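Okay, here's what each chain looks like letter by letter:
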Amino acid sequence: KYLDAIAAAANEAGLEELRVAAVGKKGEISLKMRELGKMSPEERQVMGPKLNALKDEINSALALKKEALADAALNERLEAEWLDVTLPGRPRPRGTVHPVSQVTEEITAIFADMGFAVAEGPQIESDWFNFDALNIPPEHPARQEHDTFFMSRAAGDDRPPHVLRTHTSPVQIRAMRAQGAPIRVIAPGRVYRCDYDQTHTPMFHQVEGLAIDRDISMANLKWVLEEFCRAFFEVEGVELRFRASHFPFTEPSAEVDIRCSWADGTLKIGEGDDWMEILGSGMVHPKVLTAGGIDPDQWQGFAFGMGIDRLAMLKYGIPDLRAFFDSDLRWLRHYGFSA
Ligand code: PHE
């Protein structure tokens, strides 16, 4: 009876119940063994070994069954928790460095090698820093040309008017006032103009350059810009063209073009018969030095400003500026740089 029951036991709890019922202290077999004392010696001689054998047989059946149940439980777990370590892992989406960030880093590193530190200024700028201090007084036509975003003011708010800076040039004034001459800084950052087409977005990036010392000249400006372009475009034979121009904050002023060619849709720098404008520059106007708290009789310097996004388009052959700021993941994966 017990051997059949043990064989049929479904789990360890059921098996334990059978053990108690059969060979536990008050189990059926144990009680029977206690009755041996009341038997006649002849009967005891027959029943004793029989009961002992029965007890042994039940105990070993219990042990075997216990082991079999443990095995079955383990196998069940192994089956349920089975893991195929040869399956490929789940891909984790990886970010990329935005081309503008990449190019900003490249530019900063090149100028750092030439001894330029990084200066910063606010994107919401007083119109004094953005215009007046740069020799662009209130009725100056350059204010209209900048397509400025003006910050609105609540009635009764008499703080000076502010704008979204239209260029990084106000950082020139901030650097002059913060550190005095001599100065050698670049100022990369966001600028804003109300304009939108294939080559203009209302927010874009510029990098300003400013070097002030006792005897800085246009020759230094020319060397720094040529050196920069050689390093940035990784072309030994870059050729720049300095074209006389006008900015209120520099005198003389020059716009700078780079020699390039367009052949079947690809741009090559340093060869061909085309010229691409890449920046504005000049010698810092004495009035600008004065606004920056620097004596124009003692110091002089050059300044330049160039479009970072424009440089990124040229170097990496990106045709549409607007895509830079659309946050299209496919575009970012295509043009982004792995981190
Ligand atoms: N701020 C000018 C612009 O945005 C560029 C410039 C900077 C020109 C410094 C001369 C000197 O067009």
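This report concerns the structure included in the present document. Per chain, residue numbering runs from 1 following the sequence as it is written. Only residues with pLDDT of 70 or above have their local features reported here, since the model is predicted, and side-chain atom pairs are shown and tallied only from 80 upward, although totals for entire chains, interfaces and linings are computed over all residues. With hydrogens and water stripped out, all remaining heavy atoms of the structure feed into the side-chain values.

1. Some words on the packing of helix α9 (residues 218–233) against helix α11 (residues 308–316)
And step 1. Under this scheme, a helix contributes an axis fitted over its contacting stretch, all axes are lines through C-alpha atoms, and angles between N-to-C directions fall in the 0 to 180 degree range. A run of H or I in DSSP becomes a helix once it reaches four residues, and a run of E becomes a strand once it reaches two; helices and strands are each numbered from the N terminus. Orientation of α9 relative to α11, taken along the N-to-C sense of each, is 50 degrees, at an axis distance of 11 Å. It follows that α9 is oblique to α11 by the angle criterion. Together, F228, F232 and F233 of α9 and L311, L314 and K315 of α11 make up the contact between the two elements. When describing relative orientation, an angle under 35 degrees is termed roughly parallel and one over 145 degrees roughly antiparallel, while 65 to 115 degrees is termed roughly perpendicular and anything else oblique. Contact between two residues is taken to exist if any of their heavy atoms lie within 4.5 Å; hydrogens are not considered.

2. Some words on the site of the ligand
And step 1. Near residues are defined by distance, with any heavy atom within 4 Å of the molecule or strand qualifying the residue. The environment of the ligand is made up of 14 residues, and the closest members are H167, S169, R193, Q206 and E208.
And step 2. With respect to the ligand, the side chain of S169 contributes an N or O atom lying 2.9 Å from a nitrogen atom.
And step 3. Under the rule applied, a polar contact is a pair of N or O atoms within 3.5 Å (in protein, one hydrogen donor and one hydrogen acceptor; residues adjacent in sequence only if both atoms are side-chain atoms). Here an oxygen atom of the ligand and a side-chain polar atom of R193 are 3.0 Å apart.
And step 4. To measure how exposed things are, a 1.4 Å probe is used in the Shrake-Rupley method; for residues, cover is taken only from the protein chains shown. Compared with its free state, where it exposes 330 Å², the ligand has 90% of that area covered by protein.
And step 5. Of the pockets mapped on this structure, the ligand occupies the largest pocket.
And step 6. Among the secondary structure elements, those contributing two or more residues to the shell around the ligand are β6 (203–213), β10 (274–284) and β11 (300–307). The definitions used throughout rest on a 1 Å grid laid over the protein atoms alone, on which a cavity is an enclosed set of points accommodating a 1.4 Å probe that cannot get out and a pocket is an open set flanked by protein within 12 Å on both sides along at least five of seven lines; lining residues are those having an atom within 4 Å of a point. Think of it this way: a molecule belongs to a cavity or pocket when more than half its atoms come within 2 Å of the grid points there.

3. What to know about unusual backbone geometry
And step 1. Looking along the chain, the bond that leaves A181 and enters P182 is cis, with omega of -5 degrees.
And step 2. Considering the arrangement of structural elements, one finds P182 in the loop between α8 (170–179) and β5 (183–192).
And step 3. For the bond running from E251 to P252, omega is -5 degrees, close enough to zero to count as cis.
And step 4. For P252, the position within the fold is in strand β8 (residues 250–263).
And step 5. Even without a glycine there, the phi angle at N135 is positive, about 65 degrees.
And step 6. On the accessibility criterion, N135 (18% relative accessible area) is buried. Residue burial is assigned from relative accessible area. The probe radius is 1.4 Å, only protein chains are included, and a residue is buried under 20% of its type maximum, exposed over 50%, and partly exposed in between.

4. Concerning the packing of aromatic side chains
And step 1. Ring pairs shown here join Phe, Tyr and Trp side chains whose ring centres sit within 6.5 Å, with only the six-membered ring taken for Trp; geometry is labelled stacked below 30 degrees between planes, edge-to-face above 60, and tilted in between. Counted by the stated rule, this structure contains twelve aromatic pairs.
And step 2. With a centroid separation of 4.9 Å and an interplanar angle of 85 degrees, the aromatic rings of F232 and F233 are classed as edge-to-face. Of the two residues, F232 and F233, both sit in the buried class.
And step 3. Their ring planes at 25 degrees and their centres at 6.3 Å tell us that F302 and F304 sit as a pair that is stacked.
And step 4. Judged by its relative accessible area of 1%, F302 is buried.
And step 5. For F304, a relative accessible area of 2% translates into the label buried.
And step 6. Among the aromatic residues, those joined into a cluster by ring pairs are F111, F116, F228, F232, F233, F302 and F304.
And step 7. For a ring to carry a charge above it, either NZ of a lysine or CZ of an arginine must fall within 6 Å of the ring centroid while also lying within 35 degrees of the normal to the ring plane. The positively charged end of K315 is found above the aromatic ring belonging to F232, 4.6 Å away from the centroid.

5. Observations regarding the layout of surface pockets
Where empty space is left becomes clear once a probe the size of a water molecule has been rolled over the atoms.
And step 1. Grid points are joined across faces, edges and corners, and a volume is the space filled by probe spheres set on the points. Looking at the largest pocket, its volume works out to about 900 Å³.
And step 2. Mapped onto the lining of the largest pocket, the elements with two or more residues apiece are α7 (141–145), β6, β7 (240–247), β8, β10, β11 and α11.
And step 3. Tallying contributions element by element places β10 first for the lining of the largest pocket, with six residues.
And step 4. The nonpolar class holds Ala, Val, Leu, Ile, Met, Phe, Trp, Tyr, Cys and Pro. Asp, Glu, Lys and Arg form the charged class, and all remaining residues, Gly among them, are polar. Among the residues making up the lining of the largest pocket, the classes are represented as 14 nonpolar, 16 polar and nine charged.
And step 5. Put simply, the second largest pocket is a space of about 340 Å³.

6. Focus on the side chain of D257
And step 1. Looking at the element boundaries, D257 is found in strand β8.
And step 2. A residue is classified by how much of its surface remains accessible, and D257, at 2% relative accessible area, is buried.
And step 3. Reaching out from D257, the side chain makes a polar contact with the side chain of R243 at a distance of 2.7 Å.

7. A closer look at the environment of A68
And step 1. Structurally, A68 can be placed in helix α4 (residues 41–80).
And step 2. Owing to a relative accessible area of 41%, A68 belongs among the partly exposed residues under this scheme.
And step 3. Residues A68 and N11, spaced 57 residues apart in sequence, show a C-alpha to C-alpha distance of 9.9 Å.

8. Comments concerning the nonpolar core
And step 1. Side-chain atoms within 4.5 Å are what join buried Ala, Val, Leu, Ile, Met, Phe, Trp, Tyr and Cys residues into a set we call a nonpolar core. With 43 residues, the main nonpolar core has I107, F111, F228, I258 and F302 as its most contacted residues.
And step 2. Of all the secondary-structure elements, those providing two or more residues to this core are α5 (99–113), β6, α9, β8, β10, β11, α11 and α12 (329–335).
And step 3. The element best represented in this core is α9, accounting for seven residues.
And step 4. Core analysis: the second largest hydrophobic core is formed by 25 residues, F129, F131, A187 and I212 among them.

9. Let's talk about the pattern of salt bridges
And step 1. Salt bridge criterion: a side-chain nitrogen from Lys or Arg within 4 Å of a carboxyl oxygen from Asp or Glu. Here the structure, examined in full by the defined rule, presents 18 salt bridges.
And step 2. Between D157 and R153 there is a salt bridge, and its shortest N-O distance comes to 3.8 Å.
And step 3. A salt bridge links E255 to R243, with the shortest nitrogen-to-oxygen separation between them at 3.3 Å. With E255 in strand β8 and R243 in strand β7, this pair connects stretches of sequence that are twelve residues apart.

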